[in-house]
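# Observations on chain architecture
Each chain, letter by letter, is given below.
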Number of protein chains: 2
Amino acid sequence: MRYKLPAAAHMMGVALAQIVVLTGSAVAQPRDWLPSWNAGAAKTSIVAFVEEVTTPSRAGFVSAPERIAVFDNDGTLWAEQPMYFQLAFALDRVRALAPQHPEWRQQMPFSAVLDGDLPRVLAGGERALIELVMATHAGTTTEEFSATVTDWLASAKHPRTGRRYDEMVYQPMLELLAYLRANGFKTFIVSGGGIEFMRPWTERVYGIPPEQVVGSSIKTEFERRDGVPVLVRTPAVDFIDDKAGKPIGINQHIGRRPIAAFGNSDGDLEMIEWTTAGSGVRFGLIVHHTDADREWAYDRQSEIGRLDKALDEATTKGWTVVDMRRDWNKVYPLDR
Amino acid sequence: MRYKLPAAAHMMGVALAQIVVLTGSAVAQPRDWLPSWNAGAAKTSIVAFVEEVTTPSRAGFVSAPERIAVFDNDGTLWAEQPMYFQLAFALDRVRALAPQHPEWRQQMPFSAVLDGDLPRVLAGGERALIELVMATHAGTTTEEFSATVTDWLASAKHPRTGRRYDEMVYQPMLELLAYLRANGFKTFIVSGGGIEFMRPWTERVYGIPPEQVVGSSIKTEFERRDGVPVLVRTPAVDFIDDKAGKPIGINQHIGRRPIAAFGNSDGDLEMIEWTTAGSGVRFGLIVHHTDADREWAYDRQSEIGRLDKALDEATTKGWTVVDMRRDWNKVYPLDR
C-alpha cells in the first residue's frame, strides 16, 4: 500500500486485492463506493466514466499509469467559507506572532488583523493578503513550518461549525477519491492554496501523499546551519497555481495530461479545459455550492469561489455539475 | 501496477505479491535482485540498508510511504561522456533546424555547431549552452517537444558505442531500481537535465513515471489556439535543478525528505547531504567512474561529472562508493 488510508478503506483495499488474486479478474466491485451520493445524473456520470476507462474491452479503456485525476482543494475537497481556511491560519499566526512584532500595532494590514477587523484587512486587496502570507509563511525552515501547520490544524476551530477545519472535508469527495484509487487512478491535488500548507495533512485526511500535491509556493533556499543542511522559506513568490497556472503546475509536477479534473470555481476553468481537451474519454466535474443549510450557497457573484464562466463552460462542454443540495445526502464526515 | 516494467520485473512483482498473500509475510525475497553487482562492500551495504528499513522488527524500520529514493540521471543511471546526452540532442536539433535559420551560419554558437567544432562551442561557456538550449528546446508546445525527443532517441546513436542513447543505461542501476520498488520504495529521478527531455522515456526505460521525474525547466505559458488549450515552451529559465537546487527541487516536487540518494558528481553533493541528514537510517551512494575499458574513468579533474568534494564527503560521512570497474560485472544491458 502506498497511502495511509482510513482503516475501513484500507481493509477494503486488502479485500479487493484478495478477490483479484482469487478470481484472476481485474474488475471486482462488490459494493457501492459512493454511498453519500444520491442516485442521479452526477453519480451515474462518474460511475459510467470509471467503468469505461477501466474495462479493457471498451473503446475508452485507459492503461492504469495514465489514469491521473486532479482535484482542486478549497471548495472542492473541503469548505472555503467565510474565508479560505489558509487565511484563517494566517490571521491566527499574526495573533500568535504579535508579541514579537510590537510594530504591527501601527502597521496595516497587521493592525486590522489584531483589531479583528476583517473587512479592513480585505480592503487592502491582494497586496495586503500577500503581506500577511509572507509575514506568516516565510522565515522558518520547511520543517518548522510543517510543524506549525500541524499544530494549528489540531486546535483551530471553524467560527460557524465549531469543528476542526480538517473535519470540514466533504464525505462524498472522500468516497470519490477512494473509488478512483481502487480503480487504479492516481489522485492529485492541484490547488491555488499553499503547497506546504496542504502537505502536512493531505495524506492523513485525503489519502493523497505530499508528492501528489500541487499548489502555490514561495521560494526556498538551501543553507547549512552549523553544518546541518536546512531549507529556509523566503518571502518571495515562486509560483501561483491558479487559473492558467493550474495546467502549468500540472505539467510541471505531473508531466502528463490528466483524464479527469474536479473543481468548483472559475479558478479551475483552465485546469478542466486542459484535461478535457485531451484525446479519448475525459471527465470534467464542477461542485456547485447550492446548500445554504448544510454548507453555503454561492456561485456567480461570490467573492470567494466565484463560479461564473466555468458554470457556462460546463453546459457547453458537457462537464458534470454536482448540485450539492440534491446530489449529496451527507456533506461532512461527522454529519448524521 | 503503477509502472510499466520490463516483462521480467513485472512477472517478478506478481510472483512476489502472490507469495505475500500465501504466506502472510511482508518480506519475501526468493532471489538475488542484483545479479550484475559483484559481491563486495557496495552490494552488501545496499542489501543491509533495504533489509533494515523494511523489516518491522528492526530499529531502522521505515513505513512504506516514507521510502523515497532519489537518483541523479546523467552519470548515475545512464552515461554522460563525452558530453551530456541532452547536449548531443541540442546539437542534432541545431543541424535539423538550420535550414529554417540561415542566419545561424554567421552566428555563434550556432555556426560552430554547424562546422562540427565542439571545442569552439564549449569555449562559449554556459552562455553559449543556454543559447543552444533555448533555441532548440523552446518555441513549441509541450506535446510537440515530447514527440521530438522521442523521435530523436529512437534514431540517434552514440559516437563511440554506436548504440542508442537509451541503451547506454546502467544494468546494475536498473536492477537496483527494481529491487527498491519491490521493497515498497517510490523511486524518483532528480537531475540537472531538462525535466521534459527525460519524461518521454523514463517510464519505458527505468520504470519511473513522468510524475516522479524532477529536473531543470524552462517556463511554459497557457494559450488557446483556435479554442484549443496548449502549453507553449518559452525561452526563459524556470528552475536549475543542480547542486543546492536539488534539495529545493526535491522539496518542491516530493515534499518530504528521501531516505536514500544516489549520485555520481559534485552536483549531487547537496542532495545526498540533505537526504542523509534526516533522522533514522539513511543511505547515500556515489557511482565512481573507474572503468576506462567498459565505460569511462574520470573524477576530480573532469569537466563533465566532476567528482571531487562529494568523494571526500563520502569518506567523511560513510556514504557507499561504487567502484564501477570492481563492483559491476556488467555495465550496459546489451553487454555480454
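For the structure itself, look to the data block above.
Heads up: these notes are all about the structure in this document. Keep in mind it's a predicted model, so treat the numbers as computed, not measured.

## Comments concerning the overall build of chain A
Each helix and strand counted, chain A has 13 helices and seven strands in total. Taken over C-alpha atoms, the radius of gyration comes to 21 Å for chain A, in line with the 20 Å a tight globule of 336 residues would show. Across its three principal axes, chain A shows a C-alpha extent of roughly 65 × 50 × 40 Å. Taking the contacts inside chain A whose residues are at least 6 apart along the sequence as the reference set, 65% of them involve residues at least 24 apart. Surface accessibility of chain A: about 14000 Å² in total, with carbon and sulfur atoms responsible for 54%.

## Description of the interface of chain A and chain B
It is common to give the size of an interface as the accessible area that goes away when the parts come together. Taken together, the contacts link 45 residues of chain A with 45 residues of chain B. Overall, the association of chain A and chain B removes approximately 3900 Å² of surface from exposure, summing both partners, and the carbon and sulfur fraction of that is 47%. Inspection of the chain A/chain B interface yields twelve salt bridges. Here Glu211 of chain A and Lys186 of chain B are joined by a salt bridge, their closest N and O atoms 3.0 Å apart.

## Overview of the pairing of strand E2 (residues 186-194) of chain A
Remark: a regular strand shows side chains that alternate across the two faces of the sheet. Residues and elements named next belong to chain A. The element E2 is extensively covered by neighbouring structure, given that eight of its nine residues are classed as buried. Pairing between strand E1 (residues 68-71) and E2: four bridges, direction parallel. The partner of Val70 across the bridge, within E2, is Phe188.

## Observations regarding the relation of the copies chain A and chain B
Overlay of chain A on chain B (RMSD 0.0 Å): rotation 180°, translation along the axis 0.0 Å. The superposition of one copy onto the other is thereby described by a two-fold rotation axis. Closest approach to the rotation axis within chain A is made by the C-alpha atom of His253 of chain A, at a distance of 3.2 Å. A share of 100% of the interface residues of chain A reappears at the interface of chain B, consistent with the copies meeting face to face through the same patch.

## As for the sheet that holds strand E6 (residues 283-288) of chain A
Overall, mixed pairing links the seven strands, which are arranged E4-E3-E2-E1-E5-E6-E7 (chain A) in an open sheet. Each edge of the open sheet carries a strand with a single partner, namely strand E4 (228-239) and strand E7 (320-323) of chain A. Across the sheet, the mean angle separating the axes of adjacent strands is 30° when strand polarity is ignored. Pairing geometry for strand E3 (residues 213-225) of chain A and E4 of chain A, over eight bridges, is antiparallel. Note that in E4 of chain A the partner of Arg224 of chain A across the bridge is Pro229 of chain A. Relative to the sheet, helix H10 (residues 245-253) of chain B contacts E3 and E4 of chain A, its axis offset from that of E3 of chain A by approximately 150°.

## Remarks on the pairing of strand E1 (residues 68-71) of chain B
Residue and element names in this part refer to chain B. On E1, burial covers both faces: Ile68 and Val70 on one face and Ala69 and Phe71 on the other are all buried. Note that E1 and strand E5 (residues 260-263) share three bridges and pair parallel. Bridge assignment links Ala69 to a residue of E5, and that residue is Ala260.

## Structural notes on the pattern of salt bridges
In the structure shown here, the tally under the stated rule is 58 salt bridges over all chains. Note that Arg325 of chain A is salt-bridged to Asp293 of chain A, the shortest N-O span being 3.3 Å. Within this pair, whereas Arg325 of chain A is found in helix H13 (residues 324-327), its partner Asp293 of chain A is found in the loop between E6 and helix H12 (309-317), the two being separated by 32 residues in sequence. Between Arg164 of chain B and Glu167 of chain B there is a salt bridge, and its shortest N-O distance comes to 3.7 Å. On the accessibility criterion, Arg164 of chain B (26% relative accessible area) is partly exposed. Within this structure, Glu66, Lys186 and Arg256 of chain A together with Glu203 and Glu211 of chain B form a network of salt bridges that share partners.

## Some remarks on the sheet that holds strand E2 (residues 186-194) of chain B
All names here are of chain B. The seven strands lie next to each other as E4-E3-E2-E1-E5-E6-E7, forming an open sheet whose pairing is mixed. Each edge of the open sheet carries a strand with a single partner, namely strand E4 (228-239) and strand E7 (320-323). Between one strand axis and the next, the sheet turns through 30° on average, direction left out of account. Across the sheet, helix H2 (residues 41-54) lies against E5, strand E6 (283-288) and E7, angled at about 155° from E6, the strand it touches most.

## Overview of the packing of H2 of chain B against helix H8 (residues 171-182) of chain B
When two helices pack together, their arrangement is given by the angle between their axes and by how far apart the axes lie. Residue and element names in this part refer to chain B. For the pair H2 and H8, interaxial distance at closest approach is 11 Å and the crossing angle is 15°. Taken together, the axes of H2 and H8 are roughly parallel relative to one another. The handedness of the crossing between H2 and H8 is right-handed. Contacts between H2 and H8 involve Ile46, Val47 and Val50 from the former and Leu176, Tyr179 and Leu180 from the latter. Residues of the contact of H2 with H8, tallied by class, amount to six nonpolar, no polar and no charged.

## Remarks on helix H3 (residues 85-97) of chain A
All names here are of chain A. Between its terminal C-alpha atoms H3 stretches 18 Å, which fits the 18 Å expected from 13 residues at 1.5 Å a residue. Residues of H3 that are buried: Phe85, Gln86, Leu87, Ala88, Phe89, Ala90, Leu91, Val94 and Leu97. Looking at the buried positions of H3, the neighbouring elements they touch are helix H4 (110-114), helix H5 (118-123), helix H6 (125-137), helix H7 (142-155), E2 and helix H9 (195-206).

## Quick look at the packing of aromatic side chains
Taken as a whole and judged by the stated rule, the model has 36 aromatic pairs over all chains. Between Phe89 of chain B and Phe197 of chain B, the ring centres sit 5.2 Å apart and the planes meet at 45°, which makes this aromatic pair tilted. With Phe89 of chain B in helix H3 (residues 85-97) and Phe197 of chain B in helix H9 (residues 195-206), this pair connects stretches of sequence that are 108 residues apart. Taken as a pair, Phe89 of chain B and Phe197 of chain B share a single burial class, namely buried. Summarising the aromatic geometry, the rings of Trp152 of chain B and Tyr165 of chain B are spaced 5.0 Å apart at their centres and angled 15° between planes, so their arrangement reads as stacked. Of the two residues, Trp152 of chain B sits in helix H7 (residues 142-155) while Tyr165 of chain B sits in the loop between H7 and H8, which places them 13 residues apart along the sequence. Tyr165 of chain B carries the same exposure label as Trp152 of chain B, and that label is buried. One aromatic cluster in this structure is built from Trp78, Phe85, Phe89, Phe145, Trp152, Tyr165, Phe197, Trp201 and Tyr206 of chain A. In this arrangement the basic side chain of Arg31 of chain A is found over the ring face of Trp33 of chain A, its NZ or CZ atom lying 4.3 Å from the centre.

Conventions adopted
Residues numbered from 1 in each chain as written. Chains lettered and ligands numbered in written order. Predicted model: local features only at pLDDT ≥ 70, side-chain atom pairs only at ≥ 80, totals over all residues. Heavy atoms only, no water. Helix = DSSP H or I, 4+ residues; strand = E, 2+ residues; numbered from the N terminus. Rg over C-alpha atoms; globule rule 2.2 N^0.38 Å. Contact = heavy atoms within 4.5 Å. Areas by Shrake-Rupley, 256 points an atom, 1.4 Å probe, with all protein chains shown as cover. Buried area = accessible area lost by both parts, 1.4 Å probe. Salt bridge = Lys/Arg side-chain N within 4 Å of Asp/Glu carboxyl O. Buried < 20%, exposed > 50% of the residue type's maximum accessible area, 1.4 Å probe, protein only. Pairing = 2+ DSSP bridges. Least-squares fit on C-alpha atoms with pLDDT ≥ 70 in both. Axes fitted to C-alpha atoms, helices over the stretch in contact; angles between N-to-C directions. Parallel < 35°, antiparallel > 145°, perpendicular 65-115°, else oblique. Left-handed = near helix turned anticlockwise from the far one by under 90°. Nonpolar A, V, L, I, M, F, W, Y, C, P; charged D, E, K, R; others polar. Expected span 1.5 Å × (residues − 1). Phe/Tyr/Trp six-rings, centres within 6.5 Å; stacked < 30°, edge-to-face > 60°. Lys NZ or Arg CZ within 6 Å of the ring centre and 35° of its normal.

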